[in-house]
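Structural characterization, general
Read off the chains here:
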Amino acid sequence: MSSRSRRYLVAVSLFVAGIVAAGAVAWAVAAVTEPAADPLETTDFTLVEVTSGEVGSSIQLNSVAEWTPEPAGANRAAGVVTGVQVEAGAEVAQGSVLYTVDLRPVVIAQGNVPAFRDIGDRSVGADVRQVQQMLTDLGFYRGEIGGEAGAMTVAAIKAWQKSLGVDQTGVVGAGDVIFVPTLPTRVALDPELIRRGASMTGGEQVLSALPASPDFTIPVTDAQAGMIPAGTRVEITSPDGDVWTGFTGEQTRDADTGTITLALSGEDGAAICGDQCSQVPVTGQASLASKIVTVETVDGLVVPSSALVTGADGQLAVIDETGGRLPVTVTTSARGMSVIDGVDVGTKVRVPGQAK
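Here's what I pulled together on the structure shown here.

A closer look at the environment of aspartate 137
Positionally, aspartate 137 belongs in helix α3 (residues 126–137). Its relative accessible area of 46% is what places aspartate 137 among the partly exposed residues. Spatially, the C-alpha atom of aspartate 137 lies 7.3 Å from that of glutamine 94, the residues being 43 residues apart in sequence. Of note is the side chain of aspartate 137, whose polar atom sits 2.8 Å from the side chain of glutamine 94.

Re the state of the cysteines
The term disulfide refers to a covalent linkage connecting the sulfur atoms of a pair of cysteines. Applying the stated criterion across every chain yields a total of 1 disulfide. With a sulfur-sulfur separation of 2.0 Å, cysteine 273 is cross-linked through a disulfide to cysteine 277. Where cysteine 273 bonds to cysteine 277 through sulfur, the torsion about that S-S bond is close to 85°, and the disulfide is right-handed. For cysteine 277, a relative accessible area of 0% corresponds to the buried category.

Points about the side chain of glutamine 132
Within the secondary structure, glutamine 132 sits in helix α3. Contact partners of glutamine 132, with chain neighbours within four places excluded, come to Tyr141, Glu144, Ile145, Gly146, Gly147, Glu148, Ala149 and Thr153.

Thoughts on the sheet that holds strand β11 (residues 205–210)
The strand order across the open sheet built from 4 strands is β3-β11-β9-β5, with neighbouring strands paired in antiparallel fashion. Each edge of the sheet is formed by a strand with only one pairing partner; in this case those strands are β3 (70–74) and β5 (91–92). Across 2 bridges, β5 lies against strand β9 (residues 185–189) in antiparallel orientation. Each residue of the ladder has a partner; that of glutamate 91, found in β9, is arginine 186.

Some remarks on empty space enclosed by the protein
Applying the stated criterion to the full structure yields 2 cavities of 30 Å³ or more. Put simply, the largest cavity is a space of about 60 Å³. Among the secondary structure elements, those contributing two or more residues to the lining of the largest cavity are α3 and β8 (177–180). For the lining of the largest cavity, the per-class residue count stands at 8 nonpolar, 1 polar and 2 charged. The calculated volume of the second largest cavity comes to roughly 40 Å³. Contributing to the lining of the second largest cavity are Arg104, Pro105, Val107, Trp160, Gln161, Leu164, Val166 and Asp176. Taken together, the elements giving at least two residues each to the lining of the second largest cavity come down to β7 (104–110) and α4 (151–164). A breakdown of the residues in the lining of the second largest cavity according to their chemical character gives 5 nonpolar, 1 polar and 2 charged.

Rules behind the numbers
- Residues numbered from 1 in each chain as written.
- Predicted model: local features only at pLDDT ≥ 70, side-chain atom pairs only at ≥ 80, totals over all residues.
- Heavy atoms only, no water.
- Helix = DSSP H or I, 4+ residues; strand = E, 2+ residues; numbered from the N terminus.
- Buried < 20%, exposed > 50% of the residue type's maximum accessible area, 1.4 Å probe, protein only.
- Polar contact = N/O pair within 3.5 Å; in protein donor to acceptor, adjacent residues only side chain to side chain.
- Disulfide = S-S within 2.5 Å.
- Contact = heavy atoms within 4.5 Å.
- Pairing = 2+ DSSP bridges.
- 1 Å grid on protein atoms, 1.4 Å probe; cavity = no way out; pocket = protein on both sides within 12 Å on 5 of 7 lines; lining within 4 Å.
- Points joined across faces, edges and corners; volume = space filled by probe spheres on them.
- Nonpolar A, V, L, I, M, F, W, Y, C, P; charged D, E, K, R; others polar.

Structure follows, in structure tokens:
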């Protein structure tokens, strides 16, 4: 081939390459500058009507209620238990009868000094002061609460004994009273020791004091714990079918089992069970059906959450049947539905992802 022919072929090749390159650049520019397809135009959708309704979410778990009793008093009476006057978990006050031994009542009274001796005329001490305070609270004594038993104290003791239906000796036996530091309080008697027909010799630890309410907890898994932040409301069904309200608090993890436990508390520090705590058995754990409200229920206008779109300015909106954007605000969302403001009930909005 001559040099002239070779020069001609090179020129033709360069010309073709230039045309190809120019075409590629033009295609790239067109691809970049062409507006993106509107998803509202390209995505299948169906129309859903805005309706009135409610949105909320909850999970069903079991709460555990358990009392934490502490030793409170020992029996000093000797004989046979002839009656039990208080149920486990009952609240008792100054002078309440707990049980009877040989038909003689054993009462509870407030005081830090345990009963250890008989108290009668000329007895002196802090335990005497405790008896005088009990007699005063019960309306039998109007004298000085000074810890020294005289004629007025003896007369008050006799009046008190008469009210109990026992011999009026004027002496409070060591087995007649169990002193506890605080009254009123909830108590539990040891059912193995204090029962009709049981023999008592004195010295048995029979009385436990209970806190104002049992402890309430919820055992959960890791996944469940992530859904239940502190402050979540819990509706607890009591043993008698009442509904108690608690709120979640601290989470603790058992190092051995890995179980997470949520502590529950009442509103503003109040007892979850209120004045119905006696429904919770004193012994063992009570498992109570509970509804954990993960999203509080809200009433309003409801649409599927998938109907919501976000504009470039961050404004949420729904798309009506004509393709127009209607700005809205979302009050709450749960389980794929949202409560919104900004549109009228009956408005038809687009929900993408479904066949036309």
